[in-house]
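Listed below, chain by chain, are the residues.
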Amino acid sequence: MLNFCRQSVLANSQKVGARWLGSIVPVVKTKEFPLKNEPILTYKKGSKERAELEKALDKMSSECEDIPLVIGDKELRTENCAYQVMPHNHQRKIAKYYQASRNELKKAIDVAVKTQREWDRVPVEKRIDIWLRAADLMAGKYRQQLNAATMLGQSKTAIQAEIDSAAELIDFFRMHSWFLQEALKYKPISENPKETLNSMRYRGMDGFVAAVSPFNFTAIGGNLSYTPALMGNAVLWKPSDTAILSNWWIFKICREAGVPPGVVNFVPALGPDFGDTITSSPHLSGINFTGSVPTFNRLWSQVGQNVNNYRNYPKLIGECGGKNFHFVHPSADAESIVMGTIRSSFEYNGQKCSACSRMYVPESLWPKIKEGLLATHDKLKVGDVRDFKNFIGAVIDKRAFERITGYIEHAKKSPDLEIIGGGGYDDSCGYFIEPTIVVTKNPKDKIFTEEIFGPILSIYVYKDSKLSETMKLVEPSTPYALTGAIFGQDESWARQALDELKYAAGNFYINDKSTGSVVGQQPFGGSKMSGTNDKAGGPHYVLRWGSPQSIKETFVPLREFDYEYMRD
Ligand code: NAD
């Protein structure tokens, strides 16, 4: 009987296993577009972009935009309203916004969870079309609104806004779409595709993703919320209170480009209300966070405490702080160190996670570097960012002002520290702090080891004969490993430093400053307490937000339960 069965099965084995021929898995039609960075406009006197930016600044400065919460297709205005002010003129309100309560956040979760499945059915190519349209709107029609909102609300100068809310934001939308298309080209092995075809498709993650963004980069807000959405997720976006206006423009532009309601829900809220509500929902599928270590640690522990309640293991991405270094070798070119360090430490008031805040300088080069730093420091103007002559504006808010000036006061009191440039501050009109240069005798002083996130550069001058010992201080002095730069013309030393400092930074620079990473060119992120190092702006990032599904299609039916070696 068994033998008979086998005979008949073998006779049938050439027949197809399904009623249709070929794969039923939809093929994504990729689109040709270049992997190219958005050009940075110069804003020179008389330029078209400068005239347009000034017009947008005038208009926005005279208004106070009313910004609702948006959950699904509903705009809500709650009783908890607050204002965003200009940091360089803190009496001037530029946006009124409303905070979501825990109840509204729960409603937003319900909407997002429901929307996710519908949104995930929208073919990838259509989603990419929307993202490219949004990027074009950001690059053209709304470029100066994004820049003006970033300048006024976050106190960035014109060029700092341009590299953030124009170039980097646009690059995230275009390049993450490009990287997604590239990822889709991967095909698992199919040894005989006529018999068995293997494929892989990316789904969104079941549930919702919470995007929690910082104040200091408009582009980061756009990336944290919209990259998971690109991958088929539905998102609750909690922008920073001090970046509401620019973030709202991103949201509006994306809706105009065609992102359907409910895919990204715009929900400003008090931090703990947001954190507690999302981490206690069983539907949480991921947190995309950028900000400080204490906030990320809190979210991570809350996820740990709730781990038995989730339907999925939430994916956690967090990009946090840094204590970034410039390390100078005696063979280095002093002038480029001076210019690079001034820019890295003081542009945007040192409120970049990558800003240089500690520098190791050999005694032999110190007189030249000191002279250069002080001469350049004298030329740095601080003030309202609408005056294009100013190099920096104000720090973001009162809390930051107090934290940063606390370090200046510490420097004034400590016998190990000497302020050689700046040190003044005044918050009567705006939160202004002079770029400050401190020399320390102690490379373990807190000014040299803690993240300050303000315009303070500390310098440790080492004896040339102590080069090796000083290099050994770099990595263990802080819990961070975000960015770092080495300067030197001695190639064998540079090779040695590249090796010895391998774990001191996620973004490492050789003879260049520690700031200024560009999407697609230097994917960004650090390890240790600087974060999960998922490298936004690189090819791996989009994949973190997908839930891949492997599919095996068999066209030849299985008719046997046993194996050949078992037979006579
Ligand atoms: P922050 O931690 O104060 O705030 C970040 C976000 O978290 C804000 O939206 C805030 O409202 C929210 N938040 C606060 N408490 C919360 C809670 N309990 N639950 C949920 N959300 C909560 O950081 P910040 O001052 O906005 O940003 C500065 C920090 O960000 C610095 O440490 C800087 O180094 C870091 N940063 C890192 C990167 C990077 O790529 N590594 C980039 C930019 C900024």
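All values reported here derive from a predicted model rather than from experimental measurement. (Residues numbered from 1 in each chain as written. Predicted model: local features only at pLDDT ≥ 70, side-chain atom pairs only at ≥ 80, totals over all residues. Heavy atoms only, no water.)

Q: Help me out: how do you make sense of the site of the ligand in this one?
A: Around the ligand, the structure places 27 residues, and the nearest of them are S213, S292, T295, C320 and E451. Within the shell around the ligand, the residues separate by chemical class into 13 nonpolar, 10 polar and 4 charged. Residue assignment places the shell around the ligand across two domains, with domain 1 (14-320 + 531-551) and domain 2 (324-510) each supplying three or more. (Near = heavy atom within 4 Å. Nonpolar A, V, L, I, M, F, W, Y, C, P; charged D, E, K, R; others polar. Domains from an automatic or database assignment.)

Q: Please explain the pattern of salt bridges as it appears in this structure.
A: Once their charged atoms are close, side chains differing in charge can pair, the charge on each being opposite to the other. As enumerated under the stated definition, the model contains 32 salt bridges in all. Among the ionic pairs, D427 bridges to K398, the shortest N-O distance being 3.8 Å. Here K398 lies in helix α13 (residues 398-413) and D427 lies in the loop between β15 (425-426) and β16 (432-433), a separation of 29 residues in the sequence. Exposure remark for D427: the relative accessible area of 26% places this residue in the partly exposed category. A relative accessible area of 43% places K398 in the partly exposed class. A salt bridge links R544 to D534; the shortest N-O distance between them is 2.7 Å. (Salt bridge = Lys/Arg side-chain N within 4 Å of Asp/Glu carboxyl O. Helix = DSSP H or I, 4+ residues; strand = E, 2+ residues; numbered from the N terminus. Buried < 20%, exposed > 50% of the residue type's maximum accessible area, 1.4 Å probe, protein only.)

Q: What exactly am I supposed to notice about helix α15 (residues 467-474) here?
A: Each full turn of the α-helix corresponds to 3.6 residues, which orients residues three or four apart in the same direction. When we look at burial in α15, the residues that qualify are L467, T470, M471, L473 and V474. Within α15, the buried residues cover an arc of 150° as seen down the axis, which keeps them to one side. Tucked inside the fold, the buried residues of α15 contact β12 (324-328), β13 (356-362), β18 (456-462) and α16 (491-500). (Arc of directions from axis to C-beta. Contact = heavy atoms within 4.5 Å.)

Q: Teacher, can you tell me more about the pairing of strand β11 (residues 315-319) here?
A: Both faces of the sheet carry side chains from a regular strand, because those side chains alternate between them. Buried residues dominate β11, accounting for 4 of its 5 residues. In this structure, strand β10 (residues 284-290) lies alongside β11, joined through 5 bridges in parallel fashion. Considered in β11, the bridge of I287 is made with L316. (Pairing = 2+ DSSP bridges.)

Q: Would you mind showing me how to read helix α11 (residues 334-346) here?
A: Between the first and last C-alpha of α11 there are 18 Å, a value that for 13 residues agrees with the 18 Å anticipated at 1.5 Å per step. Every buried residue of α11 is listed here: A334, I337, V338, G340, T341, I342, S344, S345 and F346. Buried residues along α11 sit in contact with β12, β13, α12 (366-377), β17 (436-440), β18 and β20 (483-487). Following α11 by one or two positions, Y348 adopts a phi angle in the positive range, close to 45°. (Expected span 1.5 Å × (residues − 1).)

Q: Please explain the nonpolar core as it appears in this structure.
A: Membership of the largest hydrophobic core comes to 75 residues, with the highest contact counts inside it found for W131, M138, F173 and Y226. Here the element with the most residues in this core is helix α6 (residues 158-184); it accounts for 11 residues. Residues I71, F208, V293 and F296 belong to the second largest nonpolar core, which totals 28 residues. (Core = buried A, V, L, I, M, F, W, Y, C linked by side-chain atoms within 4.5 Å.)

Q: Looking at this structure, how should I read a nonpolar patch on the surface?
A: A cluster of nonpolar side chains, Y563, Y565 and M566, forms an exposed patch at the surface whose accessible area comes to about 430 Å². On the secondary structure map, Y563 appears in the segment after β23 (547-554). You can call Y563 exposed: its relative accessible area is 54%. (Patch = residues over 30% accessible without salt bridge, like charges linked within 9 Å, V, L, I, M, F, W, Y side chains within 5 Å. Areas by Shrake-Rupley, 256 points an atom, 1.4 Å probe, with all protein chains shown as cover.)

Q: Looking at this structure, how should I read the sheet that holds strand β1 (residues 65-67)?
A: In a beta sheet, neighbouring strands pair by backbone hydrogen bonds and run either parallel or antiparallel. The sheet built from 3 strands is open, its strands ordered β1-β5-β4 with mixed pairing. The open sheet is flanked by β1 and β4 (81-86), the only strands paired with a single partner. On average, each strand axis in the sheet is tilted by 35° relative to the strand beside it, whichever way the strands run. Pairing geometry for β4 and strand β5 (residues 89-98), over 6 bridges, is antiparallel. Along β5, the bridge assignment pairs V85 with K93. Packed on one face of the sheet, helix α5 (residues 143-154) meets β4 and β5 and runs near 95° to β4. (Axes fitted to C-alpha atoms, helices over the stretch in contact; angles between N-to-C directions.)

Q: Which parts of the structure should I look at to understand the confidence of the model for the protein?
A: Caution applies to low-pLDDT regions: their predicted coordinates should not be interpreted in detail. Chain-level statistics for the protein give a pLDDT mean of 95 and a share of 97% at 70 or above. Within the model, the stretch residues 1-14 combines pLDDT values under 50 with 8 contacts to residues more than four positions away or in other chains. (pLDDT = per-residue confidence, 0-100.)

Q: Is there a simple way to explain the packing of aromatic side chains in this structure?
A: Geometrically, a pair of aromatic rings is defined through the distance of the ring centres and the angle of the planes. This structure, assessed with the given rule, holds 22 aromatic pairs. Taking the centre distance of 5.9 Å and the plane angle of 80° together, the rings of F215 and F453 count as edge-to-face. A residue pair is termed long-range when its members are at least 10 positions apart, and F215 in the loop between β7 (208-212) and α7 (218-230) and F453 in the loop between α14 (446-449) and β18 qualify at 238 residues. Accessibility classification places F215 together with F453 in one group, the buried group. (Phe/Tyr/Trp six-rings, centres within 6.5 Å; stacked < 30°, edge-to-face > 60°.)

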